[in-house]
Amino acid sequence: MIGYGLSDDQKMYQKTARDFARDVIRPASEHHDQTGEYPWEILTKAWELGLLNTMVPAEYGGLGLGALEACILSEEMAWGCTGIGTAMEANQLATAPLIMFGTEEQKKKYLGMLVDGLKDDGTPHMAAYCVTEPGAGSDVQAVKTRAVKEGDVYRISGQKMWITNGAKASWYFVLAYTDPDAGYRGLTGFIVDADTPGIEVGRKEINLGQKASDTRSISFDNVEVPAENVLGGKEGGGWAQAMGAFDKSRPIVASAAVGLARAAFEHARAYSLERTTFGKPIARHQAVSFMLSDMAMNIQAARHLVWESAWLHDQGERNTKQAAFAKAFAADMAVKVASDAVQVYGGYGYSTEYPVEKLYRDSKIFQIYEGTSQIQRVIISREILREA
Ligand code: CS8
Ligand code: FAD
């Protein structure tokens with residue numbers, strides 16, 4: 001692909017997603033922002049069009065798209081609404097460890113569940129990635145959740161926090177210590193059915209932005225999980241699975257930040273051509289037009305970092321550094337672009353009557369979830385120093 005142009009197939013996916021974002025997501029985004037209602041209707045339409053779970057390989061019933069195509073789609077969804085986009089993309093994160101490390105049986109059962117059909121109520125199966133805990137976010141090795149083996153089952157106890165799709169998922173990827181004395185080599189990944197006894201889902205968190213997305217705490221009290229649900233059948237494999245998943249999902253999250261910034265830029269540009277001060281459109285004041293120039297330039301730079309990091313992953317190369325470049329740059333860029341879009345609107349930008357206020361609120365989370373902007377720099381510094 002990247003020889004500086006998208007293939008015909010990639011352009012077709014982009015157009016399908018762009019039309020969907022314009023016709024279905026955008027018109028509903030204000031409603032979901034105001035009500036916090038989970039966007040089941042939109043997710044169902046997306047599922048019917050094949051826009052959910054796009055990286056599930058063809059042999060398990062999916063489209064088998066690469067991370068690059070997933071990024072192209074994610075940018076478009078996020079242009080429509082990042083709250084709705086996050087609900088969609090959380091499935092890509094939850095499925096990533098399974099796609100990369102699952103056994104045949106696990107992939108057939110749990111990836112198949114997502115793509116084979118809808119639930120009895122006509123909505124799609126969702127999934128969630130449960131790693132963060134109340135006392136451990138950036139420092140993943142500090143998680144406390146334990147899984148104890150008893151015969152051919154494990155019993156999981158602990159609490160997860162800030163779990164996207166927490167109350168909507170049919171199954172969870174859960175990271176827990178099977179051997180707390182072995183450091184990260186004592187962490188094991190599990191696939192846990194969401195209706196297993198002992199699981200309790202907390203209330204929906206009231207967040208600053210991305211209100212359509214469902215964020216929950218989840219507690220596990222002696223939850224019995226069959227040994228066959230140890231991801232990849234590998235006790236002690238959880239760390240590599242959890243970290244490996246980020247290499248696939250961080251470019252997708254970064255591309256969502258690009259989509260949000262593109263939306264903010266487009267609003268700001270249009271407004272700047274309409275609003276007049278001192279006898280001319282504000283776009284003709286250099287201070288304003290340079291803000292727009294910086295927005296356009298940084299959006300394009302972020303997109304290139306995103307596409308490169310996803311493309312490397314699709315080539316089978318380790319992209320940890322490039323995924324961190326993309327995530328940090330795109331997140332910081334999106335927050336700045338959204339903030340400058342509010343600035344271009346002046347007082348109107350601060351009002352809920354105008355679209356940039358929502359984009360500003362929605363942008364902040366990109367510097368926090370999927371590894372904070374500080375943690376991306378920790379990762380980059382480790383990688384570049386290792387290369388010296
Ligand atoms: O703790 C790691 C980290 O990544 N922290 C950030 C946590 C994070 O990103 N959480 C996000 C949760 S999910 C979420 O927010 C969802 S948002 C909603 C959905 C959005 C829609 C999609 C860390 C800081 C990188 C690691 O720190 P340390 O504990 O200091 O470990 P290290 O010493 O760096 O590493 C230990 C060994 O592991 C190897 N490693 C590290 N990274 C990788 C990757 N692949 C393979 N191996 C890896 N990526 C590292 O090389 C070390 O190996 P050694 O052989 O021991 O030297
Ligand atoms: P902390 O780790 O306590 O960090 C606090 C501050 O200290 C941050 O600014 C951080 O950058 C800084 N800091 C910490 N350590 C360092 C360091 N070594 N160097 C420099 N600065 C440092 N998690 C999941 O597992 N699954 C999900 O689906 C999920 N979805 C989320 C959705 C939302 C809306 C939110 C808010 C969070 C979600 N998370 C999810 C959790 C998210 O990944 C964490 O919040 C994030 O990784 C940060 O962890 P923390 O909140 O514990 O902050």
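Residues numbered from 1 in each chain as written. Chains lettered and ligands numbered in written order. Predicted model: local features only at pLDDT ≥ 70, side-chain atom pairs only at ≥ 80, totals over all residues. Heavy atoms only, no water.

- An unreviewed UniProt entry lists the chain under the name Acyl-CoA dehydrogenase, from Lujinxingia litoralis.
- Regarding the chain, the UniProt comment filed under Sequence similarities (unreviewed entry) reads as follows: "Belongs to the acyl-CoA dehydrogenase family."
- Looking at the Cofactor (unreviewed entry) heading of the UniProt record, one finds this comment for the chain: "FAD". (UniProt positions renumbered as here; feature names shortened; annotations may be inferred.)

**Thoughts on helix H4 (residues 82-101)**
- Given a rise of 1.5 Å per residue, 20 residues ought to cover 28 Å, and the 28 Å separating the end C-alpha atoms of H4 matches this to within 8%.
- Largest kink in H4: about 35°, centred on Thr-95, with the proline Pro-97 one to four residues after it.
- The element H4 is largely enclosed, with a buried count of 18 among its 20 residues. (Helix = DSSP H or I, 4+ residues; strand = E, 2+ residues; numbered from the N terminus. Expected span 1.5 Å × (residues − 1). Bend = angle between axes of the 7 residues up to and from the residue. Buried < 20%, exposed > 50% of the residue type's maximum accessible area, 1.4 Å probe, protein only.)

**Details of the site of ligand 1**
- Taken together, 25 residues sit near ligand 1, with Tyr-184, Trp-239, Arg-250, Glu-370 and Arg-382 positioned nearest.
- Here a nitrogen atom of ligand 1 sits 2.8 Å away from a polar atom, N or O, in the main chain of Ser-138.
- Within the backbone of Glu-370, one N or O atom sits 2.7 Å away from an oxygen atom of ligand 1.
- Relative to its unbound accessible surface of 1,200 Å², ligand 1 loses 75% to contact with the protein.
- Within the residue set of the shell around ligand 1, elements represented by two or more residues are H4, helix H6 (238-274) and helix H10 (373-387).
- A total of 6 residues in the shell around ligand 1 trace back to one element, the largest contributor, which is H6.
- For the shell around ligand 1, the per-class residue count stands at 12 nonpolar, 7 polar and 6 charged. (Near = heavy atom within 4 Å. Polar contact = N/O pair within 3.5 Å; in protein donor to acceptor, adjacent residues only side chain to side chain. Areas by Shrake-Rupley, 256 points an atom, 1.4 Å probe, with all protein chains shown as cover. Nonpolar A, V, L, I, M, F, W, Y, C, P; charged D, E, K, R; others polar.)

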